[in-house]
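Descriptive analysis of the structure
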Amino acid sequence: MPTILVTGSNRGLGLEFTRQYCEAGWQVLATCRDPSAAAGLATLRATHPALELHALDVTDFATIDRLAATLAGRPIDVLLNNAGLFGPKPGADHDPRQNFGSMDYDIWAEVLRVNLMAPMKMAEAFVGHVAASTQKKIVAISSTEGSSPSAKGGIHAYRTSKAALNMLMQNLAPDLAPRGIVTAAFCPGWIRTRMGGPNAPLDAPPSIAGLRRVIEGLTPEHSGKFWLWNGERLPW
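All values reported here derive from a predicted model rather than from experimental measurement. Along each chain, numbering runs from 1 in the same order as the chain's sequence is written. Under the rules for a predicted model, residues below a pLDDT of 70 receive no local features and side-chain atom pairs below 80 are neither given nor counted, while totals for whole chains, interfaces and linings still include all residues. Only hydrogens and water are removed before side-chain values are computed, so all heavy atoms of the structure are retained for them.

It is worth spelling out the environment of Arg179 at this point. Counting from the N terminus, the helices are DSSP H or I runs at least four residues long and the strands are E runs at least two residues long. Take Arg179: it is sitting in the loop between helix H5 (156-176) and strand S6 (182-187). Measuring from C-alpha to C-alpha, the distance between Arg179 and Lys136 comes to 8.6 Å, with 43 residues separating the pair along the chain. Look past the residues within four positions of Arg179 in its chain and what remains in contact with it is Val127, Gly128, Ala131 and Lys136. Pairs of residues are marked as contacts when any of their non-hydrogen atoms sit within 4.5 Å.

Strands are labelled as partners when DSSP assigns at least two bridges between them. As summarised here, the arrangement of the 7 strands in space is S3-S2-S1-S4-S5-S6-S7, forming an open sheet in which the pairing is parallel. Each edge of the open sheet carries a strand with a single partner, namely strand S3 (52-55) and strand S7 (225-228). Taken pair by pair, the neighbouring strands of this sheet meet at an average axis angle of 20°, ignoring direction. Judged from the 3 bridges that link them, strand S1 (residues 3-6) and strand S4 (residues 78-81) form a sheet pairing that is parallel. Residue pairing in the sheet places Val6 in a bridge with Leu80 of S4. Against the sheet, helix H4 (residues 105-131) contacts S1, S4 and strand S5 (137-141), and its axis sits at roughly 170° relative to S4. Here, axes are lines fitted to C-alpha atoms. For helices the fit covers the stretch in contact, and angles between N-to-C directions go from 0 to 180 degrees.

Shown next, in the form of structure tokens:
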């Protein structure tokens, strides 16, 4: 039975990843800050008793190390860095703190810590678990907002964090190739979640099903690349 570790699994894309991998017969290690308050995960666990819930705040790097130690000796086929932070929304919420002239640098640092530094720390902490597995994949949920053709001004914290995440996944590819590990970044599309909002054109289930197919098909030749949920290669 293959194993996947999912960060930010308590809602949105993370919860849908958890649901679909559970239904596919995987061992799922679902992490979030407070599993006791995660009603969606509790519902899933009632029908999938093999689902494991672990407390993890990805901004607390010592906690990441402790979870890696707790899971010592457990091979992890796919390490999925899903937890993410958008930050203030200048459009929907009319909050300008990601825009030029009104930039909140503390928020920028927080977004970078969640979206960029945490995936790096997860990779460092769990590289041995992934290397011991059969599939050997470290992947991250990014966004086309981190792609250079999408640089249209504004939303600087989020866009720069995702651009940096894409670079990280590409940069990790040669670092981890000697251990047989494949890396990739993915855009799930614009999805109707709390982050995506009600006007998004895509539902989570087909996006996550598509992402699972692309993840399954990853080979060393694909390592470090940036992909859309439907398998299209994306520039960044």
